[in-house]
Every structure is written in structure tokens, then in C-alpha cells.
Amino acid sequence: MVWKRGGLVAEVCTKPRARVALLHLDATQPVVLEGTAAVIWDLIDGERSEQDIFAELQGTFEDQSGQMQAQVEEFLATLEAQRLIEAARGVSH
């Protein structure tokens, strides 16, 4: 699956991009991403697939538990449920 950021999502980030605050315009509470979650957010560009994102994370972070791929998939599903990301149309990987 290739994901893109939702069109109704406002974003504010610190410099350097250690923390990102997101708010879907129909939501009442923002979501704050830090650390690995903020890195994943930066990788969601409408072109990278879940596998591409996972591969980039593997190159940066050590997967000591062997659960990184499942955790990334779960995190992306959570972002989708909050309408912060959506499936990119017309992009095949």
C-alpha cells in the first residue's frame, strides 16, 4: 500500500523535526508524533510503499524485537483510522 497525507490535515513541527503536531480539521484533539513516529510521518509522501518505509526505518533503527514491520503496519493503520493518511490513488509499487 502507498499512503499519502490526508488533505484536511494541519501540521506544525519543531525545528529540528523532532516533534510533529497533526490535526485533522474535523477532529477536536491534535495528535503529537515524536521519535520514530515523526520519522514515519516524514516518509509518508504518496510515493513510498509500506515496504519502502519499513526498509528506510530498518536502515536507521535497530529492530531488536523483530516486530518493527508489524509495528509500522499498526501505526499506519492507526493514522488511517484517524484520517491523517489515506491510500494514494494511481500509484503502483
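Residues numbered from 1 in each chain as written. Predicted model: local features only at pLDDT ≥ 70, side-chain atom pairs only at ≥ 80, totals over all residues. Heavy atoms only, no water.

Here the focus is the sheet that holds strand β4 (residues 31-34). Here we have three strands laid out as an open sheet, ordered β2-β3-β4, and antiparallel in their pairing. In the strand order of this sheet, the two ends are held by β2 (9-13) and β4, each with one partner. In this sheet, neighbouring strand axes are inclined to one another by 20° on average, regardless of whether the strands run parallel or antiparallel. By the bridge criterion, five bridges tie β2 to strand β3 (residues 19-24) in an arrangement that is antiparallel. Among the inter-strand pairings, Glu 11 is bridged to a residue of β3, identified as Leu 22. (Pairing = 2+ DSSP bridges. Helix = DSSP H or I, 4+ residues; strand = E, 2+ residues; numbered from the N terminus. Axes fitted to C-alpha atoms, helices over the stretch in contact; angles between N-to-C directions.)

Look at helix α2 (residues 50-60) against helix α3 (residues 68-81): their axes get within 10 Å of each other, and the N-to-C directions meet at 130°. One way to sum up the angle between α2 and α3 is to call them oblique. Of the two possible hands of crossing, α2 and α3 adopt the one that is right-handed. Here α2 contributes Glu 50, Gln 51, Ile 53, Phe 54, Leu 57 and Gln 58 to the contact with α3, which in turn contributes Met 68, Gln 69, Val 72, Glu 73 and Leu 76. Tallied by class, the residues present in the contact of α2 with α3 amount to six nonpolar, three polar and two charged. (Parallel < 35°, antiparallel > 145°, perpendicular 65-115°, else oblique. Left-handed = near helix turned anticlockwise from the far one by under 90°. Contact = heavy atoms within 4.5 Å. Nonpolar A, V, L, I, M, F, W, Y, C, P; charged D, E, K, R; others polar.)

Here β3 shows one buried face, formed by Val 20, Leu 22 and His 24, and one open face, formed by Arg 19, Ala 21 and Leu 23. Between the end of β2 and the start of β3, which pair antiparallel, lie five residues. As judged from the four bridges shared by β3 and β4, these two strands associate in the antiparallel manner. Considered in β4, the bridge of Val 20 is made with Leu 33. From the end of β3 to the start of β4, which pair antiparallel, there are six residues. (Buried < 20%, exposed > 50% of the residue type's maximum accessible area, 1.4 Å probe, protein only.)

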